[in-house]
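# Close look at the chain arrangement
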Amino acid sequence: MSAPLKPQQAPERQKFAVLRATLTRGGEAKGARRKLTYPQILLLVAGGLVALSLLRIVTGANQLTASGQYSAALGAAVPIGLAGLGGLWAERAGVINIGLEGMMMLGAFSAGWLGWQYGPWVAAVAGIAGGALGGLLHAIATVTFGVDHIVSGVAMNILALGVVQFLAKLWFGAEGSEAAAQGGNDKQSPPMDSMPTFTVPGLSDGLKAVEEHHWFLVSDAAGLLGSLVSSVSWLTVLAVTVFVASFFALWRSSFGLRLRSCGESPVAAETLGVNVYRYKYAAVVVSGALAGLGGAFLAIDVHIYQDQQTGGRGYIGLATMIFGNWRPGGVAMGAGLFGFMDALQLRSGGPTVHALLLLVAVVLLVIALVKLRSGHRLQAALSAVTAVLLIVWYALTDTIPLEFVEMTPYVATLLVLALAAQRLRAPRAVGKSYRRGQAQ
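So, here's what we can say about the structure. (Residues numbered from 1 in each chain as written. Predicted model: local features only at pLDDT ≥ 70, side-chain atom pairs only at ≥ 80, totals over all residues. Heavy atoms only, no water.)

## What about the environment of arginine 260?
To keep it simple, the criterion reads: By definition, any uninterrupted DSSP run of H or I lasting at least four residues is a helix, any uninterrupted run of E lasting at least two residues is a strand, and each is numbered from the N terminus. Exposure categories follow from relative accessible area, calculated using a 1.4 Å probe and restricted to protein chains: below 20% of the type maximum is buried, above 50% is exposed, and the middle band is partly exposed.
Note that arginine 260 resides in helix α12 (residues 254-264). Owing to a relative accessible area of 7%, arginine 260 belongs among the buried residues under this scheme. Arginine 260 sits 10 residues away from leucine 250 along the chain, and the two C-alpha atoms are 7.4 Å apart.

The structure is reproduced here in structure tokens:
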């Protein structure tokens, strides 16, 4: 039997109950009914692995499910996932953060600046600090001064680009400086030490041996598991921990309840005693810190900071956040998909991407059948025609032109967003101006 509530605890419980009701009225309950359950996610992953295994058997594209492919995909997914998670923190508190790209730039530059002097772990901390500084500037502009969120985010990206290019020229490329003597120049920092990795002895070699037999599904699963136990960066482990911690912080704590209420109905949250400004500031600063860590990952992974290193990953992170329906698990899945496609075009090129045409055609045929059964004849016809064209393309060619191969990750992102659009629901008050005292 639970202990009776103390007098001062009862009002707090009542406030939490009202906040939960506010989120429900804002649509979170409806969104919860639409989200995938954990068994469904596992079935989805298993189905994807079976589909890739069948595709590998039919086409002979063994690189599709090789451990090296998964390892490269994981490395490509981490910075995008961290940017997407940063966007999630900000938008759950009601602030649109278009400035993720600029915050990643600040994180990458900060990591390169201190990394060559003090090592990769200090570089990671510096990246977090650099991104958090960008988040703080965005919070001051949007929360305190009420600047339009999109305008502030775009300004942040432009400002960050100019700042890092100026500082790189000043600190890395100055003639006679120690940085220049160590290999730095106007476009890059001196090299830093490698981030430590871990490998599970025995298990790694055993899975590699199974993978090389190319058995149906078994070898494909071995390739996936092998990438998780062979030469894994500790920074990747940190990123996974951050995702798990974000879920518990935002959905399993009173702090997260208050923060999400600021993104659904800040006026209602204010009437219940929530300091909306404080939570918005905290969310946007954390958002910048996560984006900065993603930028630091890019610099640490190649051992140097380079000009234009982020390559638009902040914007792709926003796409993964939307695809993931503003939830950490969805962001991770979106980042994993983009990372897989990015690694595929970098490692295998045209022949392997060519094999994917067959898989995409089959998926489109299934979609056509589903749409036809639901009465959407036009969408069903478009999906079926596209599927037939892809099959013809696959049958008449042996590879994919390089230009299309380079487009593959972005095309995949657009297709997934288009298919998932009907299941998405942003926080109700995201991007809306809020002034303290509106509840009065």
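Let us keep going from here.
## So, unusual backbone geometry
Within the chain, histidine 303 stands out as a residue other than glycine whose phi angle is a positive 75°. Assignment of secondary structure puts histidine 303 in the loop between α14 (276-302) and α15 (313-323). On the basis of relative accessibility, which here comes to 28%, the residue histidine 303 falls in the partly exposed class. We note that glutamine 308 has phi near 60°; this positive angle belongs to a residue other than glycine.

## What to know about α14
For clarity, the cut-off: To estimate how far a helix should extend, the number of its residues minus one is multiplied by 1.5 Å.
Helix length check: α14 (27 residues) gives 40 Å between terminal C-alpha atoms against 39 Å at 1.5 Å per residue, within 8%. Extensive coverage of α14 is indicated by the burial of 20 of its 27 residues. After α14 finishes, the residue histidine 303 shows a positive phi value of roughly 75°.

## A few points about the nonpolar core
This is how it is decided: By convention a nonpolar core is built from buried Ala, Val, Leu, Ile, Met, Phe, Trp, Tyr and Cys residues, the set being connected through side-chain atoms within 4.5 Å. Should any heavy atoms of two residues lie within 4.5 Å, those residues are counted as being in contact.
Membership of the largest hydrophobic core comes to 52 residues, with the highest contact counts inside it found for Leu235, Leu259 and Ile300. At the level of secondary structure, the elements contributing two or more residues to this core comprise α4 (67-92), α5 (100-118), α6 (120-144), α11 (234-251), α12, α14 and α15. The biggest single contributor to this core is α14, with 13 residues. When neighbours within four sequence positions are excluded, isoleucine 300 is seen to be in contact with Pro120, Ala123, Ala124, Met192, Met195 and Leu235. In terms of nonpolar packing, the next biggest core, distinct from the first, is built from 23 residues, Ala355, Ile367, Ala387 and Leu390 among them.

## Topic: the pattern of salt bridges
In plain terms, the rule: One speaks of a salt bridge when a side-chain nitrogen belonging to Lys or Arg is within 4 Å of a carboxyl oxygen belonging to Asp or Glu.
Per the stated rule, a full pass over the model turns up 3 salt bridges. One salt bridge connects lysine 187 with aspartate 307, and the closest N-O pair in it is separated by 3.6 Å. Taken together, the positions of lysine 187 in the loop between α8 (178-181) and β1 (197-198) and aspartate 307 in the loop between α14 and α15 put the pair 120 residues apart, joining distant regions of the chain. The partner of glutamate 264 in a salt bridge is arginine 425, and the shortest N-O contact between them spans 2.7 Å. In this pair, glutamate 264 sits in helix α12 while arginine 425 sits in the segment after α19 (402-420), placing the two residues 161 residues apart along the sequence.

## Overview of the environment of phenylalanine 340
Here phenylalanine 340 lies in helix α16 (residues 328-347). Residue classification places phenylalanine 340 among the buried positions, given a relative accessible area of 11%. Through-space distance from the C-alpha of phenylalanine 340 to that of leucine 64 is 9.4 Å; in sequence the pair is 276 residues apart.

## Quick look at the side chain of glutamate 91
Let me state the cut-off plainly: When charges are tallied, Lys and Arg are placed among the positive residues and Asp and Glu among the negative ones, while His and the ends of the chain are skipped. Polar contact criterion, stated in full: a pair of N or O atoms within 3.5 Å, where within protein one must be able to donate a hydrogen and the other to accept it, and residues adjacent in sequence count only if both atoms are side-chain atoms.
Counting through the fold element by element, glutamate 91 comes out in helix α4. With no salt bridge to any partner, buried glutamate 91 finds its closest opposite charge in arginine 92, at an N-O distance of 8.3 Å. A polar contact is formed between the side chain of glutamate 91 and the side chain of tryptophan 326, at a distance of 2.8 Å. Residues contacting glutamate 91, with those up to four places away along its chain left out, are Ile96, Asn97, Leu318, Met321, Trp326, Pro427 and Val430.

## With respect to the packing of α5 against α6
Applied cut-off: Only C-alpha atoms enter the line fits that serve as axes; for helices the fit covers just the stretch in contact. Angles between N-to-C directions range over 0 to 180 degrees. An angle below 35 degrees is treated as roughly parallel, one above 145 as roughly antiparallel, one from 65 to 115 as roughly perpendicular, and anything else as oblique. By convention the crossing between two helices is left-handed if the near helix lies anticlockwise of the far one by an angle smaller than a right angle, and right-handed if it lies clockwise. In the scheme used here, Gly and all other residues not listed as nonpolar or charged are polar, with Ala, Val, Leu, Ile, Met, Phe, Trp, Tyr, Cys and Pro taken as nonpolar and Asp, Glu, Lys and Arg as charged.
Taken N-terminus to C-terminus, the directions of α5 and α6 make an angle of 150°; their axes are 7 Å apart at the nearest point. On the basis of their axis angle, the class for α5 and α6 is roughly antiparallel. The two elements α5 and α6 meet at a crossing, and its hand is right-handed. Seen from α5, the contacting residues are Met103, Leu106, Gly107, Ser110, Ala111, Leu114, Gly115 and Tyr118; seen from α6, they are Val122, Ala123, Ala126, Gly127, Gly130, Gly131, Gly134, Gly135 and His138. Considered class by class, the residues forming the contact of α5 with α6 number 8 nonpolar, 9 polar and no charged.

## A word on the packing of aromatic side chains
For clarity, the cut-off: Two aromatic rings, drawn from Phe, Tyr or Trp (for Trp, its six-membered ring), form a pair once their centres lie within 6.5 Å of each other, and the interplanar angle then sorts them: stacked below 30 degrees, edge-to-face above 60, tilted otherwise.
One pass over the full model with this rule turns up 13 aromatic pairs. Summarising the aromatic geometry, the rings of tryptophan 89 and phenylalanine 255 are spaced 6.3 Å apart at their centres and angled 40° between planes, so their arrangement reads as tilted. With tryptophan 89 in helix α4 and phenylalanine 255 in helix α12, this residue pair connects regions lying 166 residues apart in the sequence. The exposure class assigned to tryptophan 89 is buried, which follows from its relative accessible area of 6%. Pairing phenylalanine 255 with tyrosine 279 gives two aromatic rings, centres 5.5 Å apart and planes at 35°, and the pair type is tilted.

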